[in-house]
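Coordinate inspection notes
Take a look at the letters that make up each chain.
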Amino acid sequence: MSKDAIITKVAGPLVVAKGMSNAKMFEVVKVSKEKLIGEVIELHGEEASIQVYEETSGIGPGEPVELTGLTLSVELAPGLLTSIYDGIQRPLELIEKEAGSPFMTRGIEVPGISRSAKWDFTATAKVGDQVSGGDILGTVPETTLIEHKVMVPPNMSGVITEIKSGNFVIEDTVAVIKTADGEEKIAMLQKWPIRIPRPTKGKLMPNQPLVTGMRVLDTLFPVAQGGAGAIPGPFGAGKTVTQQSLAKYCNAQVIVYIGCGERGNEMTEVLTEFPHLKDPSSGEPLMKRTIMIANTSNMPVAAREASVYTGITIAEYYRDMGYDVALMADSTSRWAEAMREMSGRLEEMPGEEGYPAYLGSRTAGFYERAGIVECLGNDSRKGSLSVIGAVSPPGGDFSEPVTQNTLRVTKVFWALDAKLAYKRHFPAINWLQSYTLYADNLEGWFAKEIAEDFPENRRLTQKILQDESKLEEIVRLVGMDALSPKEQLTMETARMIREDFLFQNGFDPVDAYSSLNKQYRLLKSILTFMDVAESKVVEEDFDFKKLQSLPVKEDIAQSSFCAEEDVDATFDKIDEAIRSQISAL
Ligand code: ADP
């Protein structure tokens, strides 16, 4: 204990204290008589800079600082799912109840996970088993959707001397392991420091898609399960709608949603909407497999800095159980701004646009925690953590530092486009700017699981869209008549791809999610239309208007609304109509 640790300076979320020679980097401290939670982020001899996760107004020099000896950690145990936390894992509901308001929450100590809730622990390991980090000791039905696995903490090994099934609170001992350093009691509750990635046996090559049900994403710009992607876009372009749609429909089993609101009320919207969302596959509340971290901009800036680490550590924990986990962060620009503010207060040398020089390495450090991994443990299970970060570049300018640093480390770029949103083309993802570097890795999967020509159709579609953008230039200069019949057909096909395939209404209960088979069949029909029409359009005096007004075109336009069980029948009929109607022209 260092009794004379006292505050010498307070600058917003940054507090400087002396008498801190016993402190460690990243140690959690209690600041002032109000015991505000802070973290040591710089140490020079006996002087420490502390980032404080609560409002510091009213505290001043001379007040005490108390060391805790702990690093900033998250609590991991059954009870995480369905929770809504602030940036340092305090349940929002509890701090509001305790303080009577979401804005007066200083110095409140509330546990991240309930200490009184009881859980049914079923031991799956037995006395005498030789175990090491990651081995599963037992399971708990955490929600009706997810079974929680209680694991031997990483870095521990030994022989089980006691283990029991039963109904326990999370601090009860469920097993005892005899290690080289003595007996260790294992409870369901474990902790992990948020700034250190949880260990695994190693990363594997991502080779399966994170299926999202959004046609433009899955077919044209797929992200792998265990991959990292960025959605940059200006205000109002659809970042939040896209992230929520991913949370709802993507084929991950556990969702961690980190909201860093632009404004307080925006986050409130997410907070009120999310708990009402239903999991489409089970009909149960989506929250039963979700953890939310919410930072509104009226919460202290430092808590925002910590929130992405809190979120990703919880996500890694479920990955380690062998689940496919998806983490959405909306928006990471607010996180970068929090970093910039702290760095400014520390009087560090600013880099580009005032962001700290370490913006790039911190961003990389965050996204590198994504991956498909072989989990610790003796059952060679795999888990994955996919990370999708929204970025909100000021003015939609993708050349700014946060977007650029993000693109350097994510392999998928879904570029939201204000012009498309303005034209009400949703999802407003620009098909010429966006890219994915997972396409090669995933082709094999698509060809095997969906259709052999899936990859080929994807390439052809991209070519048609690129050709359209070139031909548009010509049309703008000299008009449609200057195009050859084949070029006119390309333009027509591109329009069908855009309007009937890429356009997808995120609010329509049927259209919001397209299975991969539906995506394949719909695109294939459009390409078939082009293929069949190709020999027709070169006939002399071919009337393009007739082709454009064929009834089957309307069928294609409506086909994305067909029920999943009718997909094959619907598109078989459409393909037949394409052939008969075009040949009758
Ligand atoms: P951002 O988070 O980028 O500021 P939002 O996600 O809030 O933008 O989207 C703004 C608006 O655009 C939404 O309220 C909605 O009306 C519309 N929108 C966005 N994406 C879609 C979509 N996929 N389908 C239908 N409408 C959409």
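Everything numeric in this text was worked out from a predicted model, so none of it was measured.

Tallying secondary structure elements over the chain gives 16 helices and 26 strands in all. A compact globule built from 585 residues should have a C-alpha radius of gyration of about 25 Å, and the chain, at 27 Å, falls within 12% of that. Expressed as a percentage of the 585 residues in the chain, the buried residues total 56%. Of the contacts formed within the chain by residues at least 6 apart in sequence, a portion of 69% connects residues at least 24 apart. For the chain, the computed accessible surface area is about 24,500 Å², with 51% contributed by carbon and sulfur atoms. A gap of 2 Å separates the mean positions of the 61 positive and 84 negative side-chain charges of the chain.

This next bit is on the sheet that holds strand β9 (residues 118-123). Reading across the sheet, the 4 strands line up as β12-β11-β9-β14 and stay open at both edges, with antiparallel pairing between neighbours. The open sheet is flanked by β12 (147-151) and β14 (166-169), the only strands paired with a single partner. In this sheet, adjacent strand axes meet at a mean angle of 40° when their direction is disregarded. Bridge count between strand β11 (residues 136-141) and β12: 5 bridges; the pairing is antiparallel. Of the residues in β12, the one forming a bridge with Val140 is His148.

Inspection of the region around the ligand gives 14 residues, with Gly236, Lys239, Thr240, Val241 and Gly506 positioned closest. Between the ligand and Gly506 there is a distance of 3.0 Å, counted from a nitrogen atom to a backbone nitrogen or oxygen. Protein contact buries 78% of the 560 Å² of open area that the ligand shows by itself. Of the residues that constitute the shell around the ligand, the class distribution is 6 nonpolar, 6 polar and 2 charged. For the shell around the ligand, the domains that each give at least three residues are domain 3 (203-435) and domain 4 (450-584).

Overall, antiparallel pairing links the 4 strands, which are arranged β10-β13-β15-β16 in an open sheet. Both edges of this open sheet fall to β10 (130-132) and β16 (182-187), since each of them pairs with a single strand only. The mean angle between the axes of side-by-side strands here comes to 45°, regardless of whether they run parallel or antiparallel. Both strand β13 (residues 157-163) and strand β15 (residues 173-179) contribute to a ladder of 4 bridges, which runs antiparallel. Bridge pairing in β15 places Val159 opposite Lys178.

This brings us to helix α15 (residues 551-558). Where α15 is concerned, the buried positions are Val552, Lys553 and Ile556. Projected onto a plane normal to the axis of α15, the buried residues spread over an arc of 105° and lie on a single side.

Here the focus is the pattern of salt bridges. Counted under the stated rule, the structure contains 34 salt bridges. Arg498 is paired through a salt bridge with Glu468; the nearest N and O atoms lie 2.7 Å apart. Taken as a pair, Arg498 in helix α12 (residues 485-502) and Glu468 in helix α11 (residues 454-478) lie far apart in primary sequence, 30 residues in all. For the residue pair Arg498 and Glu468, the accessibility class agrees, reading buried in each case. Salt bridges linked by common partners bring Glu39, Arg195, Glu305 and Arg362 together as one network.

Right, let's talk about the domain arrangement of the chain for a bit. Size of an interface, as often reported, equals the accessible area lost when the parts are brought together. Looking at the chain, the domain boundaries give domain 1 (6-71), domain 2 (119-188), domain 3 (203-435) and domain 4 (450-584). Placing the centre of domain 2 and that of domain 4 at their C-alpha centroids yields a distance of 56 Å.

Before going further, it helps to examine the packing of aromatic side chains. Evaluated as defined, the whole model comprises 12 aromatic pairs. Ring geometry for Trp335 and Phe366: centres 5.4 Å apart, planes at 55°, overall tilted. Of this pair, Trp335 sits in helix α6 (residues 332-345) while Phe366 sits in helix α7 (residues 359-367); the two residues are 31 residues apart in sequence, bridging distant segments of the chain. Grouping residues by exposure puts Trp335 and Phe366 together as buried. Their ring planes at 75° and their centres at 5.7 Å tell us that Phe398 and Phe413 sit as a pair that is edge-to-face. Here the residue Phe398 occupies a position in the loop between β24 (382-391) and α8 (401-409), and Phe413 occupies one in strand β25 (residues 412-413), the gap between them amounting to 15 residues. Phe413 carries the same exposure label as Phe398, and that label is buried. Clustering of aromatic rings is evident, with ring pairs tying together Tyr309, Trp335, Phe366 and Tyr367. Over the aromatic face of Trp192 sits the side chain of Arg198, whose NZ or CZ is 5.3 Å from the ring centroid. The ring of Phe501 has Arg215 lying over it, and the distance from NZ or CZ to the ring centre is 6.0 Å.

Here Arg521 lies in helix α13 (residues 516-537). The exposure class of Arg521 is buried, given its relative accessible area of 12%. Those residues in contact with Arg521 that sit more than four places away from it in its chain are Val567, Asp568, Phe571, Asp572 and Asp575.

Helix length check: helix α5 (residues 301-320) (20 residues) gives 30 Å between terminal C-alpha atoms against 28 Å at 1.5 Å per residue, within 8%. Its axis deflected by about 30° at Ser307, α5 carries its strongest bend there.

Ranked by internal contacts, the top residues of the largest apolar core, which has 76 residues, are Leu80, Met188, Ile314, Tyr318 and Leu327. Per element, the largest residue contribution to this core is 11 residues, and it comes from α5. The next biggest cluster of nonpolar side chains, apart from the first, holds 70 residues, and it includes Ala421, Phe529, Val567 and Ile578.

With that out of the way, let us pick up the packing of α12 against α15. At a minimum axis separation of 9 Å, α12 and α15 run at an interaxial angle of 35°. Crossing of α12 over α15 shows right-handed handedness. Each of Glu492, Arg495, Met496 and Asp500 in α12 lies in contact with α15, whose residues at this interface are Lys553, Ile556 and Ala557. Partitioning the contact of α12 with α15 into residue classes produces 3 nonpolar, no polar and 4 charged.

The rules behind each value
- Residues numbered from 1 in each chain as written.
- Predicted model: local features only at pLDDT ≥ 70, side-chain atom pairs only at ≥ 80, totals over all residues.
- Heavy atoms only, no water.
- Helix = DSSP H or I, 4+ residues; strand = E, 2+ residues; numbered from the N terminus.
- Rg over C-alpha atoms; globule rule 2.2 N^0.38 Å.
- Buried < 20%, exposed > 50% of the residue type's maximum accessible area, 1.4 Å probe, protein only.
- Contact = heavy atoms within 4.5 Å.
- Areas by Shrake-Rupley, 256 points an atom, 1.4 Å probe, with all protein chains shown as cover.
- Lys, Arg positive; Asp, Glu negative; His and termini not counted.
- Charge placed at Lys NZ, Arg CZ, Asp CG, Glu CD.
- Pairing = 2+ DSSP bridges.
- Axes fitted to C-alpha atoms, helices over the stretch in contact; angles between N-to-C directions.
- Near = heavy atom within 4 Å.
- Polar contact = N/O pair within 3.5 Å; in protein donor to acceptor, adjacent residues only side chain to side chain.
- Nonpolar A, V, L, I, M, F, W, Y, C, P; charged D, E, K, R; others polar.
- Domains from an automatic or database assignment.
- Arc of directions from axis to C-beta.
- Salt bridge = Lys/Arg side-chain N within 4 Å of Asp/Glu carboxyl O.
- Phe/Tyr/Trp six-rings, centres within 6.5 Å; stacked < 30°, edge-to-face > 60°.
- Lys NZ or Arg CZ within 6 Å of the ring centre and 35° of its normal.
- Expected span 1.5 Å × (residues − 1).
- Bend = angle between axes of the 7 residues up to and from the residue.
- Core = buried A, V, L, I, M, F, W, Y, C linked by side-chain atoms within 4.5 Å.
- Left-handed = near helix turned anticlockwise from the far one by under 90°.

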